[in-house]
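Chains, contacts and geometry: an overview
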Amino acid sequence: MTSKCVLGTKNDYWGNMMSFYNFIQRILFHTYEEWYMKSPLSNHHGFHIVGIDNSLKAMRDGYMMYTEIRPPQAIKGCTAMKAVVGRSDDLVDLYLKIDGKTYCISDLSYDETVQMMRLFVKKSLLPEGQTYTEVLESDNEKLQTTFAELSELLIRDEKYTKLFLKKVQPKTLEAIEKAWFSLYEVLLYKKRAVELDWKTEKEDFIFALKKLDTDLTLEIDEASLDENEGIYKWSEVVNTLWTDHVLTAMDIDSDSYVLMILTKEDFERAKTLARTILHRIAPAEEM
């Protein structure tokens, strides 16, 4: 009787090498190469465990609305954990995708959320089952309605807005993610917004405001704008002069500013609606 020695393939070899590499990264450096992190500021595989702390801090400081992490394979049925800014700036809602269903733990502190997400990554632990409840599909209807209200508010053209919403069909958070950038393009096209590079010169900033201000005749004290400063500081000065309007920015996750002029009432409503769909509209100086 003869025996055969079966050698592994190159794929087996490199697979084992990568598994060993990932193990070393995880144990020695607390870097999770096979995991995935997504937020308005991050979208990639692999992150250091401190990335969770930093992302939640950015949420608490108002720079973004959510942080999502996904394991390389389901852990006890859980394929995703997503932290979302809650009803107030001090609270977080934590969403879990388990066996194809979505569950939520509401009104957590930031420290509690960081601990839960760290335990999920480091020890494959989920929060206690009795702490979360299933999210019903009707929430998608709320998201769709919210995006529609925000679009109507910003575009200010009922017929055009209906055509836009029919085209983008924002029925889920994933669809809204794409529709958000389509909305930004529409606002530029309809001249409801202007986009400026962060290095924009003072005269170009003033010219852009005047393009947005065709019907409002708002005060722009050019002498009070220091040409050695930038958009965030000029916006702060402008917003101290205006009493009934706000120079607003739409966050598109880039170095550029997408500026709009809204009444204070419309600004507050737009900010709330954007927050509901996990996006930001804020005074331009806060971008």
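Structure report, in brief.

Looking at where Lys 202 falls in the secondary structure, it is placed in helix H7 (residues 202–212). Remark: the alpha-carbon pair of Lys 202 and Glu 227, spanning 25 residues in sequence, is separated by 5.5 Å. The contact partners of Lys 202, leaving out residues within four places of it in the chain, are Glu 222, Leu 225, Glu 227 and Trp 234. Here the side chain of Lys 202 touches Glu 222 through a polar contact of 2.8 Å, landing on its backbone oxygen. A polar atom in the side chain of Lys 202 sits 2.8 Å from the backbone oxygen of Leu 225.

What follows is about the sheet that holds strand E9 (residues 245–250). The strand order across the open sheet formed by 4 strands is E8-E10-E9-E11, and the pairing between neighbours is antiparallel. Each end of this open sheet is capped by a strand with a single partner; those strands are strand E8 (194–196) and strand E11 (281–283). Across the sheet, the axes of successive neighbouring strands diverge by a mean angle of 40°, strand direction being ignored. Those strands touched by helix H6 (residues 173–189) are E8, E9, strand E10 (257–263) and E11, and its axis lies near 130° from that of E9. Of the strands in this sheet, E9, E10 and E11 are in contact with helix H9 (residues 264–276), which crosses E10 at around 130°.

Below, the discussion takes up the nonpolar core. Formed by 34 residues in total, the largest nonpolar core has its most connected members in Ile 52, Ile 69 and Leu 96. Mapped onto this core, the elements with two or more residues apiece are strand E1 (31–39), helix H2 (50–60), strand E3 (66–70), strand E4 (78–85), strand E5 (92–98), strand E6 (101–108) and helix H3 (110–123). Not counting chain neighbours up to four residues away, the residues in contact with Leu 96 comprise Cys 78, Ala 80, Met 81, Lys 101, Thr 102, Tyr 103, Ile 105, Leu 126, Pro 127 and Tyr 132. In terms of nonpolar packing, the next biggest core, distinct from the first, is built from 30 residues, Phe 147, Leu 153, Val 168 and Ala 193 among them.

Side chains of Glu 201, Glu 203, Asp 204, Asp 226, Glu 227 and Glu 229 sit close together on the surface and give a patch of like negative charge. Among the residues examined, Glu 203 registers a relative accessible area of 52% and is labelled exposed.

The next thing to look at is the packing of helix H5 (residues 158–168) against H6. Where H5 meets H6, the closest approach of the two axes is 11 Å, and the angle between their N-to-C directions is 150°. With respect to their mutual orientation, H5 and H6 come out roughly antiparallel. Viewed along their axes, H5 and H6 form a crossing whose handedness is right-handed. Packed against H5, whose contacting residues are Tyr 160, Phe 164 and Val 168, the element H6 presents Ala 179, Ser 182, Leu 183, Val 186 and Tyr 189 at the interface. Tallied by class, residues from the contact of H5 with H6 come to 7 nonpolar, 1 polar and no charged.

Relative to the helices and strands, Ser 151 is located in helix H4 (residues 138–155). Taking the relative accessible area as the measure of exposure, Ser 151 reaches 0% and is therefore buried. A polar contact of 2.9 Å, which involves the side chain of Ser 151, links it to the backbone oxygen of Phe 147. With sequence-adjacent residues up to four places away left out, Ser 151 is seen in contact with Arg 156, Thr 161, Phe 164, Leu 165 and Leu 183.

On to the pattern of salt bridges. A complete count under the given rule lists 11 salt bridges for this structure. For Lys 190, the salt bridge identified is with Asp 157, shortest N-O distance 2.9 Å. Taken together, the residues Lys 190 in the loop between H6 and E8 and Asp 157 in the loop between H4 and H5 connect sequence positions 33 residues apart. Given a relative accessible area of 26%, Asp 157 falls into the partly exposed group. Close ionic contact of Lys 162 with Glu 158 constitutes a salt bridge, the shortest N to O distance being 3.6 Å. One end of the pair, Lys 162, and the other, Glu 158, are both in helix H5, 4 residues apart, so they sit about a helical turn from each other. In this structure Lys 162 comes out as exposed when scored by relative accessible area, which is 54%.

The rules we used
Here the residue numbering is sequential within each chain, running from 1 through the sequence in written order. Thresholds applied to this predicted model are a pLDDT of at least 70 for local features of residues and 80 or more for the giving and counting of side-chain atom pairs; totals over whole chains, interfaces and linings are not thresholded and use all residues. Hydrogen atoms and water are omitted, and side-chain values are computed over all heavy atoms in the structure. Helix and strand labels come from DSSP, where a helix needs a run of H or I of at least four residues and a strand needs a run of E of at least two; each type is numbered from the N terminus. Here, two residues are considered to be in contact whenever any of their heavy atoms come within 4.5 Å of each other. Under this definition, polar contacts are N or O atom pairs within 3.5 Å; protein pairs additionally need one hydrogen-donor-capable and one acceptor-capable atom, and for neighbouring residues in sequence, both atoms have to be side-chain atoms. Should DSSP find at least two bridges between two strands, the strands are taken to pair. Only C-alpha atoms enter the line fits that serve as axes; for helices the fit covers just the stretch in contact. Angles between N-to-C directions range over 0 to 180 degrees. Think of a nonpolar core as a cluster: buried Ala, Val, Leu, Ile, Met, Phe, Trp, Tyr and Cys residues, connected wherever their side-chain atoms sit within 4.5 Å. Type-normalised accessible area, obtained with a 1.4 Å probe on protein chains alone, sets the label of each residue: buried when under 20%, exposed when over 50%, and partly exposed for intermediate values. Nonpolar side chains (Val, Leu, Ile, Met, Phe, Trp, Tyr) are joined into patches within 5 Å and like charges within 9 Å, using only residues with over 30% relative accessible area and no salt bridge. Surface accessibility follows the Shrake-Rupley procedure with a 1.4 Å probe radius. Residue values consider only the protein chains on display as shielding. The salt bridge criterion pairs a side-chain nitrogen of Lys or Arg with a carboxyl oxygen of Asp or Glu, the two atoms within 4 Å. Just so you know, the count uses Lys and Arg for positive and Asp and Glu for negative, and it drops His and the chain ends. Lys charges are placed at NZ, Arg charges at CZ, Asp charges at CG and Glu charges at CD. Orientation is classified from the angle alone, with under 35 degrees giving roughly parallel, over 145 giving roughly antiparallel, 65 to 115 giving roughly perpendicular, and any other angle giving oblique. Two helices crossing with the near one rotated counterclockwise from the far one by less than a right angle form a left-handed crossing, whereas a clockwise rotation gives a right-handed crossing. Residues are grouped as follows: Ala, Val, Leu, Ile, Met, Phe, Trp, Tyr, Cys and Pro are nonpolar; Asp, Glu, Lys and Arg are charged; every other residue, Gly included, is polar.

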